[in-house]
Amino acid sequence: MGKYLKRWGLTFQRPDKRAVEQDPEAVRIWREETWPAIRARAKAENGEVLFADQVGIRSDQVTGRTRGAKGKRRSCAAPGTGSR
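Procedures and definitions
Position numbers for residues count from 1 along each chain, tracking the sequence in the order it is written. Local features are withheld for residues below a pLDDT of 70 in this predicted model, meaning they are given only at 70 or higher, and side-chain atom pairs are given and counted only at 80 or more; totals for whole chains, interfaces and linings count all residues. Excluded from the side-chain calculation are hydrogens and water; included are all heavy atoms of the structure. In this description a helix means any DSSP run of H or I spanning at least four residues, a strand means any run of E spanning at least two, and both kinds are numbered starting from the N terminus. By this rule, a helix spans an expected 1.5 Å times one less than how many residues it contains. The term bend refers to the angle at a residue between two fitted axes, each drawn through seven residues, those ending there and those starting there. Take a side-chain nitrogen of Lys or Arg and a carboxyl oxygen of Asp or Glu: if they are within 4 Å of each other, that pair is a salt bridge. Buried means the residue's accessible area, taken with a 1.4 Å probe over protein chains only, is under 20% of the maximum for its type, while exposed means over 50%, and partly exposed covers the values in between. Note: pLDDT gives the predictor's confidence per residue, expressed from 0 to 100.

> Requested: an account of helix H2 (residues 24-44), with residues and values cited.
An ideal rise of 1.5 Å per residue puts 30 Å on 21 residues; H2 measures up with 29 Å between its terminal C-alpha atoms. A maximum bend of about 45° is found in H2 at tryptophan 30. Asparagine 46 lies just past H2 and shows a positive phi near 55°.

Next comes the structure, spelled out in C-alpha cells:
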C-alpha cells in the first residue's frame, strides 16, 4: 500500500494538532501582548518561565501519523482542555 501512496505523491506525516475550541484572536493577543510582557518581567527579575499542566509524560507515548501530500503539512482538530 505504501508504494501506491508514494506514487501518488503522498508521504508519511504526523498531523498538526490544534484545539477545536481555539480562538485565533485570543492566540494573537497571547503571542503579541501577554507572552512578551511575561517574558520581559521574568528577564527584569532575573527569573525563568516554566510551563506545566496536568498532563502526564510517558516514555512510550504513541503519536498518530497519516499520509499526506509531500510538502503540505496536515492538521487535525484535537480536543482542547477547556477554559482555565
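Read on, since the account is not over.
> Give me the lowdown on the pattern of salt bridges, citing residues and values where you can.
Under the defined criterion, the tally for this structure stands at three salt bridges. For arginine 28, the salt bridge goes to glutamate 25, with nearest N and O atoms at 2.7 Å. Of this pair, arginine 28 and glutamate 25 are both found in helix H2, three residues apart, which corresponds to roughly one turn of the helix. According to the relative accessible area criterion, glutamate 25 is partly exposed, its value standing at 40%.

> Pulling in residues and values, what's your account of the environment of glycine 68?
Residue placement: glycine 68 occurs in strand S3 (residues 66-69). Taking the relative accessible area as the measure of exposure, glycine 68 reaches 4% and is therefore buried. Taking C-alpha positions, glycine 68 is 9.7 Å from lysine 6, a pair spaced 62 residues apart along the chain.

> Before we move on, can you summarise the confidence of the model for the chain with the specific residues and values?
When pLDDT is averaged along the chain, the result is 76, and 62% of the positions lie at 70 or above. Per-element confidence in the chain is highest for H2, whose mean pLDDT is 94, and lowest for strand S4 (residues 75-78), whose mean pLDDT is 61.

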